[in-house]
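Descriptive structure summary
Chain by chain, the residues run as shown.
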Amino acid sequence: MSRKMRAAVAQLGPIHRVDSRDAVVRRLVTLLREAHGQGACFVVFPELALTTFFPRWWMTDQAEIDRYFEREMPNTATRPLFEAAKELGIGFYLGYAELTEERGEARHYNTSILVDPAGRIVGRYRKIHLPGHSEHLPQAPFQHLEKRYFDVGNDGFRVWRMMDAVFGMCICNDRRWPETYRVMGLQGVEIVALGYNTPVENIHDREPEHLRMFHHLLSLQAGAYQNAAWVLAAAKCGAEDGFVMIGGSAIVAPTGEIAARALTEGDEVIATTLDLELGDYLRRAVFNFAKHRRIEHYNLITSRTGAKTEV
Ligand code: CDT
């Protein structure tokens, strides 16, 4: 039986520090309507889609930091997005900064949610591979303070069944790590949704700019192919207060081929029809995990974090 689903990725251009949540949500609703107009029943928005990419700014006042976080979801600002989704019958993935309490202590997560076409939150993911640093780097052109502002996610890499397909989620830097996709692949993931904010410049090690886009697409394509899944990746991009991030939002097929790709560095919707059978065929033909994986040789993957040369 052929299983097809039309899905979209909604790329966001820059969000500046002065931009209000209400203004951003109006943009998200416009993109959601456009995705629906293109026939999509699911749309992916970026990481931290409600604010500027604030980890680039050094801040010491916790109240100032917390202004970038959401204490509940939906809330007053985001409710119009949930209502529009319900009205149109379209599901979505949304990234945002989550402030919650665990055992009486404040916790800060870089979070994404999976929302069904009735506007209900059916899944939550908290970013696990937090990049960057926690100390102030005054000489750097900008900061990348995810390790300072966020706790490491504590929900693992899970999957959810929605609209007769198996969905997984990850966020930005997670897409570079093969373990991210494989843990979901082992749970039969068919569609991996992810959002990202990737600066054009790598502040840790100078590298040619073209490699930023190359490594982004390489990661998506390898993750998709090796796990026979569709990968839907949404950028927040362009120059936020002068700090430029890559575009390149893409929909990648389980074959590893790019099925659709954004052309701009602004608000843009791309859509394609996902043939879920394509994943089924690859899971039978090449990546039949049960038949070919050799877990007795994979122990180091979970017992060792850093590389160590012993010869
Ligand atoms: N947001 C995010 O995770 N960005 C990282 C930048 C890495 S360079 C410190 C990324 O992997 O794109």
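The structure contained in this document is the topic of the report that follows. (Residues numbered from 1 in each chain as written. Predicted model: local features only at pLDDT ≥ 70, side-chain atom pairs only at ≥ 80, totals over all residues. Heavy atoms only, no water.)

**Here we look at the nonpolar core**
With 50 residues, the main nonpolar core has Phe42, Ile191, Leu194, Leu220 and Leu232 as its most contacted residues. With 30 residues, the next largest nonpolar core counts Val29, Ala35, Val43 and Phe82 among its residues. (Core = buried A, V, L, I, M, F, W, Y, C linked by side-chain atoms within 4.5 Å. Buried < 20%, exposed > 50% of the residue type's maximum accessible area, 1.4 Å probe, protein only.)

**Notes on helix α7 (residues 276-285)**
Of all the residues in α7, the buried ones are Leu276, Gly279, Asp280 and Leu282. Buried residues of α7, seen end-on, are gathered within an arc of 165 degrees and therefore sit on one face of the element. Those residues of α7 that are exposed and aimed more than 90 degrees away from the buried face are Arg284 and Ala285. In this structure, the buried side of α7 is in contact with β7 (165-171), β8 (191-196), α6 (210-227), β9 (230-235) and β14 (268-275). The distance from a side-chain oxygen at the start of α7 to the backbone nitrogen of Glu277 is 3.0 Å, and the residue carrying that oxygen is Asp275. (Helix = DSSP H or I, 4+ residues; strand = E, 2+ residues; numbered from the N terminus. Arc of directions from axis to C-beta. Contact = heavy atoms within 4.5 Å. Polar contact = N/O pair within 3.5 Å; in protein donor to acceptor, adjacent residues only side chain to side chain.)

**With respect to the sheet that holds strand β6 (residues 159-162)**
If you trace the 6 strands from one edge of the open sheet to the other, you get β6-β7-β8-β9-β12-β13, paired in mixed fashion. Looking at which strands have only one partner, the edges of the open sheet turn out to be β6 and β13 (258-261). Put simply, the sheet's adjacent strands are angled 20 degrees from each other on average, direction ignored. Here β9 pairs with strand β12 (residues 250-252) via 3 bridges, running antiparallel. Residue Val231 lies in a different strand from β12, and its bridge partner there is Val252. Strand contacts of helix α5 (residues 178-185): β6, β7, β8 and β9, with the helix running at about 160 degrees to β7, the strand carrying the most contacts. (Pairing = 2+ DSSP bridges. Axes fitted to C-alpha atoms, helices over the stretch in contact; angles between N-to-C directions.)

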